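Structural characterization, general
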Amino acid sequence: MAEHFELPSTIAILPSRNKVLLPGGVVGVRCTSAASVQLVEQELWQKEDLKGLIGVVPMHDSQVSDRPLSPRASMLQFLQEGKNFDRGERESSMVAPPPSDLQPPVGRQTNETIHWHPRGVAARVLALQQHMEKPTSRVTYTVVLEGRCRFGVQEFNVHDLYNTARVTQLDSTKAEMEQAEKDPEVQVLARQFKSVAGDLISLLEPKLKAVERTKALLETASAHKLADIFVASFEGSFDQRLAMLDAVDLRQRLLKATEIITRHLQTLRVAEKISMKVEGNLSKSQKDVLRQQIRAIKDELGDNDDDEDDIVALESKMQSVGMPANVWKHAQRELRRLRKMQPQQPGYGSSRTYLELLAELPWQISSEEREIDLVAAKDRLDSDHYGLSKVKKRIIEYLAVRKLKPDARGPVLCFVGPPGVGKTSLASSIAGALGRRFIRLSLGGVKDEADIRGHRRTYIGSMPGRLIEGIKRVGVNNPVMLLDEIDKTGADVRGDPASALLEVLDPEQNKTFNDHYLNVPFDVSKVVFVATANRVQTMPAPLLDRMEVIELPGYTPEEKLHIAMRHLIPRVLEQHGITNKHIKIPEPMVELTIQRYTREAGVRNLERHLAALARAAAVKVAEREQSMRRVTGDMIPEVSLMDHGEGRGGLGDGGGVEMEVEAVGIHGREVASAMTDLEPLLVDEAMLEVVLGPPRFDGKEAAERVATPGVAVGLVWTVVGGEVQFVEATAMLGKGDIHLTGQLGDVIKESAQIALTWVRARAAELKLAVAEAGSLLKDRDIHIHFPAGAVPKDGPSAGVTLVTALVSLFGKRCVRADTAMTGEMTLRGLVLPVGGVKDKILAAHRCGIQRVILPERNRKDLQEVPAAILANMEILLAKRMEDVLHQAFEGGCPWKPASRL
């Protein structure tokens, strides 16, 4: 602490909430409020000399008012409550201001009483650093302060947002302090203090980084300086530090410092005693070491009954959860077994974990289901999901039944559709409409039956199944539980998880669901189960029979456009920390992104492309902000906070003292951000190509690929929605063999054989190159290829496409580029219906195909196709293969009249 100096009569006040700065202490202060920021800017930052003085005054209350007040009213209350302080000889002449002088200034009314302390410390600024917070660009400061001397507050005043005070210095002059240190009583107190401080340094010597420096300070520094420095270096209570601040008299200061250091020394000795006691009885196992430490702590506290108390608390908790009688009987038996075991026994931990699970399960706890509001449910579904009218209608029907009969055993809804169409969010909307908690169980890749039913407790590392664990985590016995990706469960030697789900989803059995780990029945009939899947073909028939399948087809381009404008763009901008003030994505550009860069059933790839545009905008925003900061300047390097202690309990280097400062006052004028005046980034076609690259789809692929005979356009269904599939056929010299490539399944290979047989049988009727039936393959082979060879393909719906490709090859005529087809065919030429009609038509529409040939018996499926799509496309229905060929070629395909089945 520096020598005595003259303190100005008026000084700016920086309040500290429940913190006390002492003379000789060094603290780092983060100034974030409007008042403290203005104080730093006007008193320190704008002045060339950063070594100015400010006053730091403690506040007793943890709450501050919302406006900058003069603390005089609270000071008056503080004095009137009888708070007396020993002011010493120098303070005997000081008189507190009259009550009339301690009222708040005119126009400044306080919301609540703030207890200001009548004393503070004048502090010198060692370092000052400016910060700019993101993303608000708000300016804050970090100030490193060193306490210099005590002062008494005579009167508080308000200067704009912060306070100033008329003060009187309380510390003695250098001559007076030297005279006081010659007093015999002071010398005895100083020797006693240094003795206690020396013992503390010796105890902490192995942990101190600067032992010699600290010992030298103890020997050379004055007693009155050492008292403040040592107390400032330790973690003490607010009252202790406040009493130290009030100790103006040197005798009282030394007495108080000795008391605080002695108490800290006793605490360290007790800790060392416990550590030595434990180290004297170390065992070979680390568990025994921990157990010895716990036992030593209990011996020191005189408490050795914690284990028994924990078991009693566990039993009380089990009694309060409302277990059924048979479960409570089983739990009591396990509890008696636990009481007989020692904590060191191997089975103690597993038995206790099991009982804790029984106590944590919600046997009788249910969500209070609010009355279902169908109108609100419709509004929420419409706001969260665009389109999907059929699905929304079924959900509303489900909720209506629940409203009329809350305990009804409704069906298990299974949403089936490609990725990215909103299956999971629909389940969350159901939970919101019912007013129940929502939990999601991901079943993708689960191959072990124990994941559903749990492990038996005889196994090491056993645990309950995902169902029981999820119910325990959600805390109620009637949540909405989403069984996500239920079609992706597998089966191996460890069991079949799909078969384990049969009991869970059967309303007649799930009242007594038996988890292997739990080993007692648990009622899951109150749980509302909702499942999601990408396809139903891989699901076992018994499991599928227990659920009601609701198909979610892909979105049309118009629906994707609405979804992007209403949901995706706001979400993407929020995720990237920007707003529409930074980037503008016009609707035509979104539509162009859908047409040229995405061909999917859902909207996930579309969201990824929008995120790429948002990232490009974020880079521009960050560069502008960086250039702005470079102009305004943040040129102060990091300041190392100085102190006289080490951490919480020692002396030395490296232990900074953190003190959060919040001034009394309203939020002032914030620093205006220059970003608000900049023009937003406008996305145009050129920017799309820069950010997203060249367009992936141009709408000309079909015309280019069917420009030669032997190529036809088919429509297929996949787990990600409908897709366009080209079929290529070519002939070459050979022995009459047929070659099939493209990673094809058995069904599609059989369809190729049927197609070739039908074409050979009707070669003359179709007026192909050779008149004699059966001579098409003479001295030549046929190769049929399905592109995208890395993707497995199977199914019967490519039958009509295979026939069309072969007729095009042998007849040397090109198939119409604007026509795609799908349908299964028989050996006699009949066209049979297929599935996934809506997804296939949407896929054709995405690829720019105008005409689609469908089986006649799929006419009923056209009702599911949006009217806007049907209005822009020509749907052709065919009963026989001849109808397909007639529509697939320009000018039709001539053939001789043939008898029809």
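Residues numbered from 1 in each chain as written. Predicted model: local features only at pLDDT ≥ 70, side-chain atom pairs only at ≥ 80, totals over all residues. Heavy atoms only, no water.

Points about the overall build of the protein
Each helix and strand counted, the protein has 30 helices and 25 strands in total. Here the protein holds 901 residues, and the buried ones make up 47% of them. Restricting the contact set of the protein to residue pairs at least 6 apart, pairs at least 24 apart contribute 78%. Counting every atom, the protein has about 44100 Å² of accessible surface; 50% of that belongs to carbon and sulfur. (Helix = DSSP H or I, 4+ residues; strand = E, 2+ residues; numbered from the N terminus. Buried < 20%, exposed > 50% of the residue type's maximum accessible area, 1.4 Å probe, protein only. Contact = heavy atoms within 4.5 Å. Areas by Shrake-Rupley, 256 points an atom, 1.4 Å probe, with all protein chains shown as cover.)

Some thoughts on the pattern of salt bridges
Summed over the entire model, instances satisfying the criterion amount to 35 salt bridges. Among the ionic pairs, R337 bridges to E334, the shortest N-O distance being 3.7 Å. Placement of the pair is R337 and E334 together in helix α12 (residues 325–339), with a separation of three residues, close to one helical turn. The class for E334 is buried, based on a relative accessible area of 11%. The partner of E503 in a salt bridge is R453, and the shortest N-O contact between them spans 2.8 Å. (Salt bridge = Lys/Arg side-chain N within 4 Å of Asp/Glu carboxyl O.)

Observations concerning the UniProt feature "active site" (unreviewed entry) in the protein
Per the UniProt entry, the sites bearing "active site" (unreviewed entry) are S797 and K840 in this numbering. Across 44 residues, the annotated set stays spatially compact, with a maximum C-alpha separation of 11.0 Å. Considering the arrangement of structural elements, one finds S797 in the loop between β20 (780–785) and α27 (799–811). Residue position: K840 is located in helix α28 (residues 837–846). Setting aside its immediate chain neighbours within four residues, K840 contacts L715, V716, W717, G722, S797, T822, V834 and G835. (UniProt positions renumbered as here; feature names shortened; annotations may be inferred.)

Re the side chain of N477
Examined against the element boundaries, N477 turns out to sit in the loop between α18 (466–474) and β9 (480–484). In terms of polar contacts, N477 uses its side chain to reach the backbone carbonyl oxygen of W363, at 3.3 Å. (Polar contact = N/O pair within 3.5 Å; in protein donor to acceptor, adjacent residues only side chain to side chain.)

Here's the deal with the nonpolar core
Counting 54 residues, the largest nonpolar core has L399, F415 and L610 as the members making the most contacts within it. Take this core: its biggest share by element is eight residues, from helix α23 (residues 604–632). Not counting residues within four places of it along the chain, the set of residues in contact with F415 comprises V391, I395, K423, L426, A427, I430, V530, A531, T532, A533, I550 and L552. Counting 51 residues, the second largest nonpolar core, distinct from the first, contains C414, L443, A498 and V504. (Core = buried A, V, L, I, M, F, W, Y, C linked by side-chain atoms within 4.5 Å.)

Details of the packing of aromatic side chains
A complete count under the given rule lists three aromatic pairs for this structure. With 5.4 Å between their ring centres and 55 degrees between their planes, W116 and F156 make a pair best called tilted. One end of the pair, W116, is in the loop between α3 (88–91) and β4 (119–132); the other, F156, is in strand β5 (residues 139–159), with 40 residues separating them in the sequence. The burial state of W116 is the same as that of F156; both residues are buried. When the ring centre of Y354 is taken as origin, the NZ or CZ atom of R457, which lies over that ring, is 3.9 Å away. (Phe/Tyr/Trp six-rings, centres within 6.5 Å; stacked < 30°, edge-to-face > 60°. Lys NZ or Arg CZ within 6 Å of the ring centre and 35° of its normal.)

Brief notes about the sheet that holds strand β8 (residues 438–442)
Ordered by their spatial adjacency, five strands build an open sheet running β8-β9-β12-β7-β13, and the pairing between neighbours is parallel. Across the chains shown, the open sheet's two edge strands, defined by having one partner strand only, are β8 and β13 (547–551). Strand after strand, the sheet turns through a mean of 25 degrees between neighbouring axes, direction not considered. As paired strands, strand β7 (residues 412–416) and β13 are joined by five bridges and run parallel to one another. For V416, the partnering residue across the bridge sits in β13 and is E551. (Pairing = 2+ DSSP bridges. Axes fitted to C-alpha atoms, helices over the stretch in contact; angles between N-to-C directions.)

Remarks on the confidence of the model for the protein
Taken residue by residue, the protein gives an average pLDDT of 78. The fraction at 70 or more is 81%. In this model residues 634–676 is a low-confidence stretch, pLDDT under 50, and it forms 125 contacts with partners more than four residues away in sequence or in other chains. This model gives residues 896–901 a pLDDT under 50, and the stretch forms six contacts once residues within four places in sequence are excluded. (pLDDT = per-residue confidence, 0-100.)

With respect to the environment of A614
Locating A614 in the fold gives a position in helix α23. A C-alpha to C-alpha distance of 9.8 Å links A614 and K584, two positions 30 residues apart in sequence. Ignoring any residue separated from it by four or fewer positions in sequence, one finds A614 in contact with V572, L573, H576 and I578.

Digging into unusual backbone geometry
One non-glycine residue with positive phi stands out, namely D160, at about 60 degrees. For D160, the position within the fold is in the loop between β5 and β6 (162–169). Within the chain, N519 stands out as a residue other than glycine whose phi angle is a positive 65 degrees. Considering the arrangement of structural elements, one finds N519 in the loop between β10 (513–514) and β11 (521–522).

Details of helix α5 (residues 184–203)
Owing to its 3.6 residues per turn, the α-helix aligns residues three or four sequence positions apart on the same side. The terminal C-alpha atoms of α5 lie 29 Å apart, and with 20 residues this matches the ideal 28 Å at 1.5 Å per residue to within 8%. Of the positions making up α5, those classed as buried are V186, L189, A190, F193, V196, A197, L200 and I201. One side of α5 holds all its buried residues, which, seen down the axis, span an arc of 145 degrees. Residues of α5 that are exposed and point more than 90 degrees away from the buried face comprise P184 and R191. By the N-cap criterion, in which a side-chain oxygen at the helix start approaches the backbone nitrogen of a residue two or three places on, α5 is capped by D183, the distance to E185 being 2.9 Å. (Expected span 1.5 Å × (residues − 1). Arc of directions from axis to C-beta.)

Concerning a positive patch on the surface
Positive charge collects at one region of the surface, where K329, R333, R336 and K340 lie side by side. Tracing the backbone through its elements, the reader meets R333 in helix α12. (Patch = residues over 30% accessible without salt bridge, like charges linked within 9 Å, V, L, I, M, F, W, Y side chains within 5 Å. Lys, Arg positive; Asp, Glu negative; His and termini not counted. Charge placed at Lys NZ, Arg CZ, Asp CG, Glu CD.)

A closer look at the environment of F151
Summarising the element assignment, F151 is placed in strand β5. A relative accessible area of 0% means that F151 is categorised as buried. In the structure, F151 is positioned 17 residues away from T168 in sequence and 5.4 Å away in space, judged by C-alpha atoms.

A short note on the packing of α5 against helix α7 (residues 223–232)
Interaxial distance between α5 and α7 falls to 11 Å at its minimum, and their mutual angle equals 40 degrees. Here α7 runs oblique to α5, going by the angle between their axes. Seen along the crossing, α5 lies across α7 with a hand that is left-handed. Along the contact surface, α5 presents A190, F193, K194, A197 and I201, while α7 presents A223, L226, A227 and F230. Across the contact of α5 with α7, the residue classes tally to eight nonpolar, no polar and one charged. (Parallel < 35°, antiparallel > 145°, perpendicular 65-115°, else oblique. Left-handed = near helix turned anticlockwise from the far one by under 90°. Nonpolar A, V, L, I, M, F, W, Y, C, P; charged D, E, K, R; others polar.)

Here's the deal with the side chain of T164
On the secondary structure map, T164 appears in strand β6. Among the residues examined, T164 registers a relative accessible area of 13% and is labelled buried. Excluding anything up to four places from it in sequence, T164 contacts T10, I11, A12, I13, E155, F156, N157 and H159.

Observations regarding the pairing of β6
With respect to burial, β6 is a largely interior element, six of its eight residues being buried. The sheet contact formed by strand β1 (residues 10–17) and β6 spans four bridges and is antiparallel. Paired with I13 across the bridge in β6 is N163. Both β5 and β6 contribute to a ladder of eight bridges, which runs antiparallel. Opposite E155, over in β6, you have R166 as the bridge partner. Following β5, the chain reverses through two residues before pairing antiparallel with β6; D160 in that reversal takes a positive phi of roughly 60 degrees.

Description of the environment of L606
The topology assignment puts L606 in helix α23. Judged by its relative accessible area of 0%, L606 falls in the buried class. Along the primary structure L606 and A564 are separated by 42 residues, whereas in three dimensions their C-alpha atoms are 8.0 Å apart. Discounting chain neighbours no more than four positions away, the residues touching L606 are K560, A564, L568, T593, I594, T598 and E600.

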